[in-house]
Amino acid sequence: MKIVAVCGMGIGTSVLLKMNAEKALRSLGIDADVEAADIGVARGAARTAQVVLTSAELATEIGDVPAKVIVIDNFFDVAEITQKIQSAVE
Amino acid sequence: MAVNLADELSSIVTQAAAADWREAVTLAGDGLVAGGVATNRYTHEMIDVVLQHGPYMVVAPGVALAHARPSPAVLRTGLSWVGLSAPVEFGHTANDPVSLVIGLAATDHQGHLAVMAELASVLVDPERVRQLIAATDEHEVRRLLTEFAATS
């Protein structure tokens, strides 16, 4: 499975999301590659991904993609990310 | 991955007054400039990110991670810390209002990963965030961060 963590610039929030998503996936026992992407390349990256993780603000910028877009409120909260990934893949 | 955030922060201000998100981000930018991390241009770049993409950098309840992309305005990778005496609204749907603004400047997409991991592990705890925001000087912030680093 491929997951893309999207933020505006690719240095801050997407990096946080990528790290915490990897922790979440480990605890769920899901084998997936997580890629951090900025909004400029996100649409392209999302085309080949199954899941996109991002904030509510950026989700609207990403628009329609085949991937499932998951909105994360608290990027520090591995529990929230774990629960949302779990319900997305089930 | 023994990163102590207290050592990574090039500037810390507490109980700062900001009228709105723009002033709060400017304070974080001023901290990066004072720490020799970035030039004033980077402050404007961080504000432009909010104007263009919205307040997505409010990454957790009460906490904004102000940043822009690596640019010539970034002199080295570094972080600044601004605790606000009164919270400001960024317009975020879930995490407003903001009482802590962390300014991040990075020269590339990789060099600061350990710091970001430490930041996430400390700031995931709302009680720790509350204590850090209530701190009245730089030394108290550094002391708390050192204490949290030892126990996380």
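As a reminder, the structure under discussion sits directly above these lines.
Read on for a plain summary of the structure. Throughout, residues of each chain are indexed from 1 in the direction in which the sequence is written. Working convention: letters from A go to chains and numbers from 1 go to ligands, in the order in which they are written. At least 70 in pLDDT is required for a residue's local features to be given in this predicted model, at least 80 for side-chain atom pairs to be given and counted, and no such filter applies to totals for whole chains, interfaces and linings, which use all residues. With hydrogens and water excluded, all non-hydrogen atoms of the structure serve as input to the side-chain values.

## A few points about the pairing of strand β2 (residues 33–38) of chain A
Residues and elements named next belong to chain A. Strands are treated as partners if at least two bridges between them are detected by DSSP. Secondary structure is summarised from DSSP: a helix means a run of H or I of at least four residues, a strand means a run of E of at least two, and numbering begins at the N terminus for each. Across 6 bridges, strand β1 (residues 2–7) lies against β2 in parallel orientation. Of the residues in β2, the one forming a bridge with I3 is V34. As a crossover connection, the stretch from β1 through helix α1 (residues 13–28) into β2 is right-handed. Whether a crossover is right-handed depends on one test, that the path from the first strand over the helix to the second runs clockwise when the strands point away from the viewer.

## Notes on the pattern of salt bridges
Salt bridge, as applied in this entry: a Lys or Arg side-chain nitrogen positioned within 4 Å of an Asp or Glu carboxyl oxygen. If you walk through the whole model with that rule in mind, you get 9 salt bridges over all chains. Between K18(A) and E22(A) there is a salt bridge whose closest N-O contact spans 2.9 Å. With K18(A) and E22(A) both in helix α1 and 4 residues apart, the pair spans about one turn of that helix. Only protein chains enter the accessibility calculation, which uses a 1.4 Å probe; a residue whose area is less than 20% of its type maximum is buried, one above 50% is exposed, and one in between is partly exposed. Residue classification places E22(A) among the partly exposed positions, given a relative accessible area of 28%. A salt bridge links R69(B) to D38(A), with the shortest nitrogen-to-oxygen separation between them at 3.7 Å. Of the two residues, R69(B) is situated in the loop between β3 (63–67) and β4 (78–88) and D38(A) in strand β2; the pairing between them involves two chains. The network of salt bridges with shared partners includes D73(A), E80(A) and K84(A).

## Side note on the sheet that holds strand β4 (residues 68–71) of chain A
Residues and elements named next belong to chain A. One open sheet holds the 4 strands; their spatial order is β2-β1-β3-β4, and the pairing between them is parallel. Two strands in the sheet have a free side with no partner beyond their single neighbour: β2 and β4. Within this sheet the neighbouring strands show an average axis-to-axis angle of 25°, counted without direction. Pairing between β1 and strand β3 (residues 51–54): 3 bridges, direction parallel. The residue bridging V4 from the neighbouring strand is V52, located in β3. Contacts from helix α4 (residues 78–89) reach β3 and β4, with the element oriented near 155° to β4. Every axis in this analysis is a line fitted to C-alpha atoms, fitted for helices over the stretch in contact. Angles between the N-to-C directions lie between 0 and 180 degrees. Throughout, a residue-residue contact means that at least one pair of heavy atoms, one from each residue, lies within 4.5 Å.

## So, the interface of chain A and chain B
If you look at the interface, chain A gives 23 residues, while chain B gives 35 residues. Accessible area that two parts lose when put together, evaluated with a 1.4 Å probe and summed over both, is termed the buried area. Summing both partners gives a buried area of about 2200 Å² for chain A against chain B, and 68% of it is carried by carbon and sulfur. Its largest share of buried area at the contact with chain B, chain A owes to M9(A), I11(A) and F76(A), together 37% of the area lost on that side. Between chain A and chain B we count 1 salt bridge in total. Two N or O atoms count as a polar contact when they lie within 3.5 Å, although within protein this holds only if one can serve as hydrogen donor and the other as acceptor, and sequence-adjacent residues are included solely when both atoms are side-chain atoms. The tally of links from chain A across to chain B stands at 4 residue pairs in polar contact (both at pLDDT 80 or more). Of all the secondary-structure elements, those providing two or more residues to the side of chain A that touches chain B are α1 and α3 (56–62) of chain A.

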